[in-house]
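Here's the letter readout for the chains.
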Amino acid sequence: MGIALSTPERVAPVAARLPTITTVCSHSSLQIFHGARVEGFRSLGICAGAPPKYYDAFPLGRPDSFLSVPSLQEVASQTQKLKDATAVVVPHGSFVEYVGPERFAELDVPVFGNRAVIAWESDREKEREWLDSAGVQMPRRFATPADVDGPAIVKYYGAKGGKGFFLAKNREALDGFQPSGPHVIQEYVLGTRYYLHFFYSPLSTDGYRVGSGSLELLGMDRRDEANIDELYKLGAHEELLRAGIRPTFVVTGNVPVVMRESLLPQVFDVGARIIEKSIELFGGMVGPFCVEGIMTEDLVFKVFEISTRIVAGTNVYVHGSPYSDLVAPDLSMGRRIALELKRGRAEGRLQEILS
Ligand code: AMP
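Cut-off values and rules
Residues numbered from 1 in each chain as written. Predicted model: local features only at pLDDT ≥ 70, side-chain atom pairs only at ≥ 80, totals over all residues. Heavy atoms only, no water. Helix = DSSP H or I, 4+ residues; strand = E, 2+ residues; numbered from the N terminus. Contact = heavy atoms within 4.5 Å. Near = heavy atom within 4 Å. Polar contact = N/O pair within 3.5 Å; in protein donor to acceptor, adjacent residues only side chain to side chain. Areas by Shrake-Rupley, 256 points an atom, 1.4 Å probe, with all protein chains shown as cover. Pairing = 2+ DSSP bridges. Axes fitted to C-alpha atoms, helices over the stretch in contact; angles between N-to-C directions. Parallel < 35°, antiparallel > 145°, perpendicular 65-115°, else oblique. Left-handed = near helix turned anticlockwise from the far one by under 90°. 1 Å grid on protein atoms, 1.4 Å probe; cavity = no way out; pocket = protein on both sides within 12 Å on 5 of 7 lines; lining within 4 Å. Points joined across faces, edges and corners; volume = space filled by probe spheres on them. Nonpolar A, V, L, I, M, F, W, Y, C, P; charged D, E, K, R; others polar. Buried < 20%, exposed > 50% of the residue type's maximum accessible area, 1.4 Å probe, protein only. Phe/Tyr/Trp six-rings, centres within 6.5 Å; stacked < 30°, edge-to-face > 60°. Lys NZ or Arg CZ within 6 Å of the ring centre and 35° of its normal.

Engineer: Any chance you could break down the side chain of S29 for me, citing the residues and the numbers?
Structural biologist: With respect to the element layout, S29 can be found in helix 2 (residues 29–38). Leaving out residues up to four positions away in the same chain, S29 has contacts with T23, V24, Y55 and G61.

Engineer: Let's hear about the site of the ligand: which residues, and what values?
Structural biologist: Neighbouring residues of the ligand: 16 residues in total, closest K155, Q186, V189, Y195 and E225. Within the contact set of the ligand, a nitrogen atom lies 2.9 Å away from a side-chain nitrogen or oxygen of Q186. Within the backbone of V189, a nitrogen or oxygen atom sits 2.9 Å from a nitrogen atom of the ligand. When isolated, the ligand has an accessible area of 480 Å², and the protein chains bury 93% of it.

Engineer: Describe the sheet that holds strand 8 (residues 183–187), listing the residues and the values that go with them.
Structural biologist: Overall, antiparallel pairing links the four strands, which are arranged 5-8-6-7 in an open sheet. Edge positions in the sheet fall to strand 5 (141–142) and strand 7 (166–168), since each of these pairs with one other strand and no more. With two bridges joining them, strand 5 and strand 8 adopt antiparallel strand pairing. Note on strand 8: the bridge partner recorded for R141 is Q186.

Engineer: Any details on the packing of helix 7 (residues 124–133) against helix 9 (residues 264–282)? Residues and values, ideally.
Structural biologist: Relative orientation of the contacting elements helix 7 and helix 9 amounts to 120°, with a least axis distance of 9 Å. When the interaxial angle is binned, helix 7 and helix 9 end up oblique. Crossing angle aside, the handedness with which helix 7 passes helix 9 is right-handed. Touching W130, L131 and S133 of helix 7 are I274, K277, S278, L281 and F282, all from helix 9.

Engineer: Just give me the short version of empty space enclosed by the protein, but keep the residues and values in it.
Structural biologist: In this structure the tally under the stated criterion is three cavities of 30 Å³ or more. Approximately 130 Å³ is the volume found for the largest cavity. In terms of lining, the largest cavity is formed by 15 residues, of which the most central are P91, F112, G113, T308 and R309. Classifying every residue of the lining of the largest cavity by side-chain character gives 10 nonpolar, three polar and two charged. Quantified by volume, the second largest cavity comes out at close to 90 Å³. Residue lining of the second largest cavity: R124, E127, R128, M138, R141, Y157, V184, Q186 and F304, and that is the complete set. When residues of the lining of the second largest cavity are traced back to their parent elements, those giving at least two are helix 7 and strand 8. Per-element tally for the lining of the second largest cavity: the top contributor is helix 7, with three residues.

Engineer: An account of the layout of surface pockets is needed here, citing residue identities and associated values.
Structural biologist: As a volume, the second largest pocket reaches approximately 330 Å³. Considering the residues around the second largest pocket, the lining is formed by 17 residues, among which G207, Y208, L215, E216 and V327 are closest to the centre. Of all the elements in the fold, those that place two or more residues in the lining of the second largest pocket are strand 11 (213–227), helix 9 and helix 10 (333–346). When grouped by side-chain class, the residues that make up the lining of the second largest pocket number nine nonpolar, three polar and five charged.

Engineer: Tell me about the pairing of strand 6 (residues 152–156), residues and numbers included.
Structural biologist: Each regular strand shows side chains that alternate between the opposite faces of the sheet. Burial runs high along strand 6: five of the five residues are buried. Bridge count for strand 6 against strand 8 is five bridges, and the pairing is antiparallel. Along strand 8, the bridge assignment pairs I153 with Q186. Across three bridges, strand 6 lies against strand 7 in antiparallel orientation. From the neighbouring strand, A152 faces strand 7, where its bridge partner is A168.

Engineer: Now, about the packing of aromatic side chains: what can you tell me, with residues and values included?
Structural biologist: In total, this model carries 13 aromatic pairs according to the counting rule given. Residues F95 and F104 carry aromatic rings whose centres are separated by 5.8 Å and whose planes lie at 70° to one another, so their mutual orientation is edge-to-face. The class for F104 is buried, based on a relative accessible area of 1%. When the centroid spacing of 5.1 Å and the interplanar angle of 20° are considered together, the rings of F198 and F289 count as stacked. Taken as a pair, F198 in strand 9 (residues 192–201) and F289 in strand 13 (residues 287–295) lie far apart in primary sequence, 91 residues in all. One exposure class covers both F198 and F289, and it is buried. These aromatic residues form a ring-pair network of at least three members: F33, Y54, Y55 and F66. The ring of W120 has K126 sitting right over it, with the charged end atom 4.3 Å from the ring centre. Above the face of the Y194 ring, R222 is positioned so that its terminal group lies 4.9 Å from the ring centre.

Take a look at the structure:
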């Protein structure tokens, strides 16, 4: 038996009555609702104001019902309605951002996964401590501009979509650099970006064993980032800066990718280390998570970020990916979540996957 994340009181209603898979209508919600439907769960979409009209265009991804709130920050005040619906909240990236990390942490309804992970993900220092102590390779950090010895990226804390990030070709490019807020200076890693979609199941008894459960790789994507990804079409970086165009990394979409098969041992090693350390630090990360990094020409994967929930890149695989197809047919991340919930109920182990 694994680590208990939730209390018996919190899981009791969900164990007694088929839960309603609930999330905020955005990000990866169509896929989450679709997965819920395929596995026979009811679903509930939380939205600010009227239900989004685009849902009408996707009948198989539309939730069974909606809970309209004046603003998403007020979700916590709807606890009774969520409890009446036997809601299990599936957090996605936008969910936590819209609701707010503190309010999310205190939400008095069962949440899929370990909500304690938020504290480790939302603070860049703690995140680094976790990944570093797990033995995962990360971009080097420079204490001051004077320490920079190659290309560097200045990242501001909490910057959405890399807004305001500063790219420097070398140390000289940072001469006279005036940061506009709390930041880190990192090695700018040259290579190819991969966003790895993992799922950790504490309930599984077969597959790639990590801790007392199993690690699954269900897909990979690359993010389309505006305007950096297309800058080269206009010319060199300096020239663009002279023209007043600053590179930004706002995510606008995702594309599917696969990695050389010979690199998969490294991919699983990174995922396993992160899980093992999470078990030690805060009782473990459960369900979907995404490891975001850059494969260098020396074939070293350097991790610059981790998302501890379902990422929107999984939306490219509503009917499975070249990896999940080798786990089970038609397996989206949304459906994988529903399957875990089903198994947790059947085996009386919901307290290990809900918090
Ligand atoms: P982040 O806010 O850390 O997710 O970074 C946003 C984007 O900046 C990433 O998706 C990458 O394209 C880029 N990036 C972040 N860190 C690095 C790094 N150390 N080297 C190269 N590119 C990076």
